[in-house]
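Working through the structure, step by step
Here are the chains, one letter per residue:
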Amino acid sequence: MSTEPTYTIASLTPQTWPAFEALVQRHNGIFGGCWCTWFHDGHPNCEGRGETAEGNQAIKKRLVDDGVAHAALVMDGDEAVAWAEYGTPEELPTLHHGKQYHATKPADPDYRITCVFVDKRHRRRGVTELAISGALDLIAQAGGGRVESYPHDLTDQTKKMSSSFLYNGTRRLYERLGFDYDRPKGLKNCVMVKTVDPS
């Protein structure tokens, strides 16, 4: 008899690293061996990022061990099935469409949510929303503040986009979670903002 998963949220730490590592390995390193390091590029601990998948894995592990890589992990029992990466602009300095972003920003946010990934076996079950909500809860526990994210803006698009390309969810999803639209970023992305109160 199959049972529905009971999802919980855990923080990415050295203790939960094995579960995160297993999720990434099940999906061949994610996006060509990125290991969720792309947005860290430019951080001092990221030298050599992008050279090999193994190197990216070692970089991510080092960032987690040093406490400068954060994510809300969605757990199904002991297995990680999704994450939402978040952190300060210092921890996550690189963004798509960075030139436009920096030219139009009023100020840096306190936190960014930059990447959401869901195990292919658990997609279309609301897990993306659960991961982002988990990140917001962890940000609240860390003191809260102004949070930005950079989802795909599909409001004017009639053609559906494959979920595998939606590395940070959609504008509508963030609107459901209480984010406000701030401005466009690139051709099909936007900046969404939310103030999170400390918990």
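A brief structural summary. The structure presented is a predicted model; accordingly, all values stated were derived computationally and were not measured.

Our focus in this paragraph is the pairing of strand β3 (residues 79-87). In terms of burial, β3 is largely enclosed, as eight of its nine residues are buried. Between strand β2 (residues 70-76) and β3, which pair antiparallel and follow one another directly, the connecting turn spans two residues, one of which, Gly77, has a positive phi of 70°. Where β3 meets strand β4 (residues 111-118), six bridges bridge the pair, whose relative direction is antiparallel. Bridge assignment links Ala84 to a residue of β4, and that residue is Val116.

Where helix α1 (residues 17-26) is concerned, the buried positions are Trp17, Ala19, Phe20, Leu23 and Val24. One side of α1 carries all its buried residues, which in axial view fall inside an arc of 165°. Within two residues after α1, Asn28 carries a phi angle of roughly 55°, on the positive side.

It is worth spelling out unusual backbone geometry at this point. Notably, Phe31 is not glycine yet its phi reads approximately 45°, a positive angle. In this fold, Phe31 is placed in the loop between α1 and α2 (53-65). Overall, the relative accessible area of 49% leaves Phe31 in the partly exposed class. If you check the backbone angles, His97 has positive phi at about 60° while not being a glycine. Along the chain, the position of His97 falls in the loop between β3 and α3 (98-104).

Once that is clear, we can look at the nonpolar core. Counting 30 residues, the largest nonpolar core has Leu12, Phe20 and Trp83 as its most contacted members. Secondary-structure elements contributing two or more residues to this core are α1, α2, β2, β3, β4 and β7 (189-196). Looking at this core element by element, the count peaks at five residues for α1. When sequence neighbours within four positions are dropped, the list of residues in contact with Leu12 reads Trp17, Phe20, Lys60, Val64, Ala69, Ala71 and Leu73. Counting residues in each nonpolar core, the second largest holds 26 residues, with Ala82, Ile113, Val116 and Val118 among its members.

Here we come to the packing of α1 against α2. Running from N to C, α1 and α2 cross one another at 155°; their axes reach a closest spacing of 12 Å. Overall, the two elements α1 and α2 adopt an arrangement that is roughly antiparallel. Crossing angle aside, the handedness with which α1 passes α2 is right-handed. For the pair α1 and α2, contact is made by Trp17, Phe20, Glu21 and Gln25 and by Gln57, Lys60, Lys61 and Val64, respectively. Classifying every residue of the contact of α1 with α2 gives three nonpolar, two polar and three charged.

Here we take up the pattern of salt bridges. This structure, assessed with the given rule, holds 13 salt bridges. Residues Arg49 and Asp41 are paired through a salt bridge, measuring 3.5 Å at the closest nitrogen-oxygen approach. You can call Arg49 buried: its relative accessible area is 19%. Residue Arg121 pairs with Glu79 through a salt bridge whose shortest N-O separation is 3.0 Å. Of the two residues, Arg121 is situated in the loop between β4 and α4 (127-141) and Glu79 in strand β3; the sequence distance between them amounts to 42 residues. For Arg121, a relative accessible area of 44% corresponds to the partly exposed category. Through salt bridges with shared partners, a single network forms among Arg26, Glu79, Asp119 and Arg121.

Criteria and cut-off values
- Residues numbered from 1 in each chain as written.
- Predicted model: local features only at pLDDT ≥ 70, side-chain atom pairs only at ≥ 80, totals over all residues.
- Heavy atoms only, no water.
- Buried < 20%, exposed > 50% of the residue type's maximum accessible area, 1.4 Å probe, protein only.
- Helix = DSSP H or I, 4+ residues; strand = E, 2+ residues; numbered from the N terminus.
- Pairing = 2+ DSSP bridges.
- Arc of directions from axis to C-beta.
- Core = buried A, V, L, I, M, F, W, Y, C linked by side-chain atoms within 4.5 Å.
- Contact = heavy atoms within 4.5 Å.
- Axes fitted to C-alpha atoms, helices over the stretch in contact; angles between N-to-C directions.
- Parallel < 35°, antiparallel > 145°, perpendicular 65-115°, else oblique.
- Left-handed = near helix turned anticlockwise from the far one by under 90°.
- Nonpolar A, V, L, I, M, F, W, Y, C, P; charged D, E, K, R; others polar.
- Salt bridge = Lys/Arg side-chain N within 4 Å of Asp/Glu carboxyl O.

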